[in-house]
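# Working through the structure, step by step
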Amino acid sequence: MTPTISDLEGLARQAGEILRAGFGTRPGFNHTHTVDYKGVINPVTEIDRQSESYLVHEIHQRFPSHSIVAEESGGLKGSKEHEWFIDPLDGTVNFTHGVPIFSVSIAYANSGEILLGVVYDPNRDECFSAQSGKGAWLNGETIKVSTTQVLDNSLLVTGFPYDIRSNPQNNLDYFAYFSKNSQGVRRLGSAAMDLCYVANGRFDGFWEMRLNSWDVAAGGLIAREAGAVVTNMQGGADFMSPPQSILAANSTIHPLMLQVFHKFSEIKE
Ligand code: IPD
Ligand code: CA
Ligand code: CA
């Protein structure tokens, strides 16, 4: 049995409810969740885990043979023909600080091809979805990428890896370059939402280094179905094998950004 887009939407909305119910304010001020650290600046809360347990349990009940790749528990082994990619809370740093920018991300792939993706933002009740070959939607309305033609007029978004302190490949050089050559570079803190905001034209381009499959599986499909070109930062098709970079932008901005990454890598060699 294979899932439908309504199955994913229902799951994402329910998990979004878990996030909304658990969302406190800044630690120390009506703080309602506990924070553990997977790394010095990489937090996880019991709400990440509750959301993930709900999703893994529900998917396993309905599709017992499917395999699940999920951030906090690792997921469940099963048939590789049917694979789910789950980020139960994308934007945990925001969440722990009381910043209402975070989402749930769920994708379903069949024999390695991502067929369905949903990203739900419980704070704005925005449900982004896509079906391979059929389009992308926000709360049921078709969405399309922007038509911005030049970098000077573009608004971009990026993110930084959790090993920013120790790894010299930390994205700060690209961030500086694009900050001076666009209308601005935002850092929202949820890669899944960054991709959806490219999909509906709020942003013209998104790039990031060293992401995981659960960060990008759903958002990558949504952006692509809305007309974005989605590759890694070398221009290759694979944006899923972790740790992997991603570049998603409208079809005019994408090659312009790619040129910059190429130029920088030539200088570094
Ligand atoms: C993080 C967010 C952030 C991105 C990080 C991700 P998490 O996911 O998507 O925007 O910059 O690279 O790891 O840890 O909040 O699920
Ligand atoms: Ca994530
Ligand atoms: Ca997460």
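The structure we're discussing is the one just above.
All of the points below concern the structure found in this document.

### Regarding the coordination of the calcium ion (ligand 3)
- Looking at the calcium ion (ligand 3), the protein donor atoms are E71 (OE), D87 (OD) and L89 (O), and they sit 2.2 to 2.4 Å from it.
- Positions of the donor residues of the calcium ion (ligand 3), expressed as sequence spacing, correspond to E-x15-D-x1-L.
- A gap of 3.8 Å separates the calcium ion (ligand 3) and the calcium ion (ligand 2), which D87 links by coordinating each metal. A residue pair is termed long-range when its members are at least 10 positions apart, and E71 in the loop between β3 (66–70) and β4 (74–76) and L89 in strand β5 (residues 79–90) qualify at 18 residues.
- Its relative accessible area of 22% is what places E71 among the partly exposed residues.

### Quick word on the coordination of the calcium ion (ligand 2)
- Taken together, the protein ligands of the calcium ion (ligand 2) are D87 (OD), D90 (OD) and D215 (OD), with distances of 2.1 to 2.2 Å.
- Counting the intervening residues between successive donors of the calcium ion (ligand 2) yields the motif D-x2-D-x124-D.
- Taking the relative accessible area as the measure of exposure, D87 reaches 1% and is therefore buried.

### Observations regarding the side chain of S67
- Residue placement: S67 occurs in strand β3.
- Here S67 falls in the buried class, since its relative accessible area comes to 4%.
- When residues no more than four places from it in sequence are discounted, the contact partners of S67 are L76, K77, G78, S79, K80, H82, E83 and W84.

### Quick word on the nonpolar core
- The biggest cluster of nonpolar side chains holds 38 residues, and the ones touching the most others in it are F128, I143, F206, I222 and I246.
- Of all the elements, helix α5 (residues 191–199) adds the most residues to this core, at 8 residues.
- Looking at this core, you find at least three residues from each of domain 1 (5–142) and domain 2 (151–268).
- The residues touching I143, leaving out its near neighbours within four places in the chain, are F128, A136, W137, L138, A199, N200, I222 and A226.
- By size, the runner-up hydrophobic cluster in this structure holds 25 residues, among which are L8, I47, I59 and W84.

Calculation criteria
Residues numbered from 1 in each chain as written. Chains lettered and ligands numbered in written order. Predicted model: local features only at pLDDT ≥ 70, side-chain atom pairs only at ≥ 80, totals over all residues. Heavy atoms only, no water. Donors = N, O, S within 2.8 Å, 3.2 Å for Na, K, Ca; no water. Helix = DSSP H or I, 4+ residues; strand = E, 2+ residues; numbered from the N terminus. Buried < 20%, exposed > 50% of the residue type's maximum accessible area, 1.4 Å probe, protein only. Contact = heavy atoms within 4.5 Å. Core = buried A, V, L, I, M, F, W, Y, C linked by side-chain atoms within 4.5 Å. Domains from an automatic or database assignment.

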